[in-house]
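Chains, contacts and geometry: an overview
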Amino acid sequence: MGHTIATAPTGTDNDAAIATSQGKAMVRLLPQTEEMTLENDMVRVRFASNGTIASIVDKEVQREIISPGGQANHLRVYHDDGDAWDFNHDYAAASGQELALMHVEQQTEGKIDQLIFHYRYGESELVQTVSLKQGRRRIDFATKVDWRERGKMLRTSFPLDIRTEQVVGEIQFGSISRPTHRNTMWDFAKDEICAHQWIDLSEPDYGVALLNDCKYGHRAYDNVLDLNLLRSSGYPDPEADLAEHRFTYSLFPHPGNHVEAEVYKQGHELNVPLRIVNLMETTVQAEIDRSLPASHSWFTLDDSLIMVESVKRAEDNGDIILRLYETSGTRLTARLRIGFAVVEVWSVDLMEQPLSPLA
């Protein structure tokens, strides 16, 4: 028997439970007349017959998340005659075309319940697995697309029962607020905005974040969060996005605002999930048995608002570079514990030139 090591990103709450069963999950085709729902101890999700989400209820606070009459995760295709950099700002004036839902499957893998939606549009196929894990509010939309449409743009939208004039989106080493209204030309120019791993609409005591693992074009208007999934523009690449794609986005309802809910952790865990490494039978197996502890962390911080963004080798020598940043925009002092022997610790600039000794 070899060892299995589960590695989780520093400072996250990734579930390190490892399933040892080699059996496959049972998949069941859902009849069209059967109600489509996902539910755990925290969230109840109800789907409409066209595959959109009709209701999401946070069971802990007894709050409906989707705006009355809204359809969430509404996958729509819009005409797009723009190039790789720009598209018409009034594309949303047309309601867009829905994908045709062909059939739905249901399966359970351990603590994760899933509904698998199979869609078609023109010559394209889209399969989306919507997952809800026990003990979590986050709803994942793992998507596989074989996209064959030209001059089209695929988007999804989430109309939320949230009232706020500001949307917060992650940028490198922090976040930025932008308006959800179009009162001025400056606001109108921010109709399509970029964000890295998450974007969030929050009232003072409750909010909803839209996470992604590779899709950065967003639109936040009033109470609707919208995500750009695919664009097959014809210039400069006439074959742009005409291929198979795999990506995941997630909806994360949460008490408190994006800081109190530590939305940055959810975005990081989606982008850097738990990784399992198998140590196969080797000649040093006995040595491994003696040396591996039950658990170990190389870096530990005593404040959850500090993020270990990266750990890398120095460009010019064998030193280790550790990049950290404060995620909420406040000032604080934290203690860093290092799980291996060090000779000295220095602060350095972005060119990795030493500035001052720290230890």
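Structure: above.
Throughout what follows, the structure given in this document is the object of discussion. Predicted, not measured: the structure shown is a model, and the values here were computed from it. (Residues numbered from 1 in each chain as written. Predicted model: local features only at pLDDT ≥ 70, side-chain atom pairs only at ≥ 80, totals over all residues. Heavy atoms only, no water.)

Describing the overall build of the protein
- When its secondary structure is counted, the protein shows three helices and 28 strands.
- On the protein, roughly 20,200 Å² of surface is accessible, and the fraction owed to carbon and sulfur atoms is 51%. (Helix = DSSP H or I, 4+ residues; strand = E, 2+ residues; numbered from the N terminus. Areas by Shrake-Rupley, 256 points an atom, 1.4 Å probe, with all protein chains shown as cover.)

Looking at unusual backbone geometry
- Along the chain, Tyr-235 connects to Pro-236 via a cis peptide bond; the corresponding omega equals 5 degrees.
- Its place among the elements puts Pro-236 in the loop between strand S20 (224-231) and strand S21 (244-255).
- Phi at Asn-73 takes a positive value of approximately 50 degrees, unusual for a residue other than glycine.
- Topologically, Asn-73 is positioned in the loop between strand S6 (63-64) and strand S7 (76-79).
- A relative accessible area of 2% means that Asn-73 is categorised as buried. (Buried < 20%, exposed > 50% of the residue type's maximum accessible area, 1.4 Å probe, protein only.)

A few points about the sheet that holds strand S8 (residues 97-98)
- Read across the sheet, six strands follow the order S8-S7-S13-S20-S19-S16 without closing on themselves; strand pairing throughout is antiparallel. Edge positions in the sheet fall to S8 and strand S16 (193-194), since each has one partner strand and no second. (Pairing = 2+ DSSP bridges.)

Brief notes about the sheet that holds strand S15 (residues 174-179)
- As summarised here, the arrangement of the 10 strands in space is S2-S9-S10-S11-S12-S21-S18-S17-S14-S15, forming an open sheet in which the pairing is antiparallel. For this open sheet the edge positions go to strand S2 (27-29) and S15, each flanked by a neighbour on one side alone. Along the sheet, successive strands turn relative to each other by an average axial angle of 20 degrees, direction set aside.
- The sheet contact formed by S2 and strand S9 (residues 100-109) spans three bridges and is antiparallel. When the bridges of S9 are listed, Arg-28 appears paired with Gln-106.
- In the packing of helix H2 (residues 263-271) onto the sheet, contacts are made with strand S12 (139-146), strand S17 (198-202), strand S18 (206-212) and S21, and the angle to S18 comes to roughly 25 degrees. (Axes fitted to C-alpha atoms, helices over the stretch in contact; angles between N-to-C directions. Contact = heavy atoms within 4.5 Å.)

Some words on a nonpolar patch on the surface
- Together, Trp-298, Val-311, Ile-320, Leu-324, Leu-336, Ile-338, Phe-340 and Val-342 make up a nonpolar patch on the protein surface, roughly 670 Å² of accessible area in all.
- Contributing elements (two or more residues each) for the nonpolar patch: strand S25 (320-326) and strand S26 (336-338).
- When you line up the elements, Leu-336 lands in strand S26. (Patch = residues over 30% accessible without salt bridge, like charges linked within 9 Å, V, L, I, M, F, W, Y side chains within 5 Å. Salt bridge = Lys/Arg side-chain N within 4 Å of Asp/Glu carboxyl O.)

Some points on H2
- Within H2, eight of the nine residues are buried, which leaves it mostly tucked inside the rest of the structure.
- Listing the buried residues of H2 in full gives Val-263, Tyr-264, Lys-265, Gln-266, Gly-267, His-268, Glu-269 and Leu-270.
- Those residues of H2 that are buried lie in contact with S12, S17, S18, S21 and strand S24 (306-313).

Points about the packing of aromatic side chains
- This model, assessed by the stated rule, comprises 11 aromatic pairs.
- Consider the rings of Tyr-78 and Tyr-91, whose centres lie 5.1 Å apart with planes at 85 degrees: the pair is edge-to-face. With a gap of 13 residues between them, Tyr-78 in strand S7 and Tyr-91 in the loop between S7 and S8 connect regions that are remote in the sequence.
- For the pair Phe-173 and Tyr-325, a centre-to-centre distance of 5.5 Å together with 65 degrees between the ring planes defines the contact as edge-to-face. With Phe-173 in the loop between strand S14 (166-171) and S15 and Tyr-325 in strand S25, the pair connects residues that are 152 residues apart, well separated along the chain.
- An aromatic cluster is built from Phe-47, Phe-117 and Tyr-119, whose rings are joined through pairwise contacts. (Phe/Tyr/Trp six-rings, centres within 6.5 Å; stacked < 30°, edge-to-face > 60°.)

Side note on the pairing of S18
- In terms of residue burial, S18 counts as a mostly covered element, since seven of its seven residues are buried.
- On S18, burial covers both faces: Tyr-206, Val-208, Leu-210 and Asn-212 on one face and Gly-207, Ala-209 and Leu-211 on the other are all buried.
- Across five bridges, the pairing between S17 and S18 is antiparallel. Across the sheet, residue Ser-202 finds its bridge partner in S18, namely Gly-207.
- Taking the residues between adjacent antiparallel strands as the criterion, S17 and S18 are bridged by three residues.
- Inspection of the sheet shows S18 paired to S21 by seven bridges, in the antiparallel sense. Looking at the pairing, Ala-209 lines up with Phe-252 of S21.

Shape descriptors only; they carry no functional weight alone.
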